[in-house]
Amino acid sequence: MAPIKIDHVAVVVDDLDSALNFWQNALGLPIGGTEHNEHEAVEIAFLPVGESRIELLKPITDDSGIAKYLAKRGPGMHHLCLAVYDIEAAMAHIAAQGIQMINETPRTREDGTRYAFVHPKSTGGVMVELYELKPSN
Ligand code: ZN
């Protein structure tokens, strides 16, 4: 039931090209994929690092949660994502200990993978995402 690995570390950026200038050009990380997520109103670039990934998030509207976060706190680290095999079991385990979730039920990405966020008020200030990994991955 405990998380398996750090799936990704997410960074909010105000400009994807200048962010890639560091993460891709200066560090030499490859771009593993990009995604246009209408649901969260973000443009995403994933850069694999070993078993984990850096996730760059750029808001595409002014009124999304991430856009507000960027306006209030500026660019920087946004959340840490831990992979779990059974997201419902992980969420139930966390909730049973009085930890506050942002999402009461898992949300689903376009590729079918499920995720949910734990509220930073309950984690000591770090937004934590749980991401369901299929055992075959
Ligand atoms: Zn994430």
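One can find the structure itself at the top, above this paragraph.
About the cut-offs
- Each residue is numbered by its place in its chain's sequence as written, counting from 1.
- Given that the model is predicted, a residue must reach a pLDDT of at least 70 before its local features are reported, and side-chain atom pairs must reach 80 or more before they are shown or counted; all residues, however, enter totals for whole chains, interfaces and linings.
- Where side-chain values are given, they derive from all heavy atoms of the structure, hydrogens and water being excluded.
- At least two DSSP bridges between two strands are required for those strands to pair.
- Secondary structure elements follow DSSP: runs of H or I no shorter than four residues count as helices, runs of E no shorter than two count as strands, and numbering proceeds from the N terminus.
- Should any heavy atoms of two residues lie within 4.5 Å, those residues are counted as being in contact.
- Here an angle of 0 to 180 degrees is reported between the N-to-C directions of two axes, which are lines fitted to C-alpha atoms, with helices fitted over the stretch in contact.
- Listed donor atoms are N, O and S within 2.8 Å of the metal (Na, K and Ca: 3.2 Å). As water is not included, a site may look incomplete.
- Site shape is set this way: if four donors have all angles between 85 and 135 degrees, tetrahedral; if opposite donors are over 155 degrees apart and all others between 65 and 115, square planar for four donors and octahedral for six; otherwise irregular.
- Here's how the labels work: a residue is buried when its accessible area is under 20% of the maximum for its type, exposed when over 50%, partly exposed in between, all with a 1.4 Å probe on protein chains only.

Caption draft 1: Here's a closer look at the sheet that holds strand β8 (residues 128-132). Taken together, the 8 strands give an open sheet; going across it, the order is β2-β3-β4-β1-β5-β8-β7-β6, and neighbouring strands pair in mixed fashion. Looking at the sheet topology across the chains shown, the edges are occupied by β2 (33-37) and β6 (107-108). The pairing of strand β3 (residues 42-49) with strand β4 (residues 52-59) spans 8 bridges and is classified as antiparallel. By the bridge assignment, L47 is partnered in β4 with I54. Across the sheet, helix α1 (residues 16-26) is in contact with β1 (5-12), β3 and β4; its angle to β4 comes to roughly 160 degrees.

Caption draft 2: Broad picture of the coordination of the zinc ion. On the protein side, the zinc ion has H8 (NE2), E55 (OE), H79 (NE2) and E129 (OE) as donor atoms, found 2.0 to 2.6 Å from it. For the zinc ion, the 4 donor atoms in the first shell make angles of 87 to 176 degrees at the metal, a pattern classed as irregular. Motif for the zinc ion, donor spacing along one chain: H-x46-E-x23-H-x49-E. With H79 in strand β5 (residues 76-84) and E129 in strand β8, the pair connects residues that are 50 residues apart, well separated along the chain. When its relative accessible area of 3% is taken as the criterion, H79 is described as buried.

Caption draft 3: Representation of unusual backbone geometry. At A41, a position not held by glycine, the phi torsion is positive, near 55 degrees. Of note, A41 is situated in the loop between β2 and β3. Given the relative accessible area of 8%, A41 is considered buried.

Function cannot be inferred from these measures alone, as they are strictly geometric.
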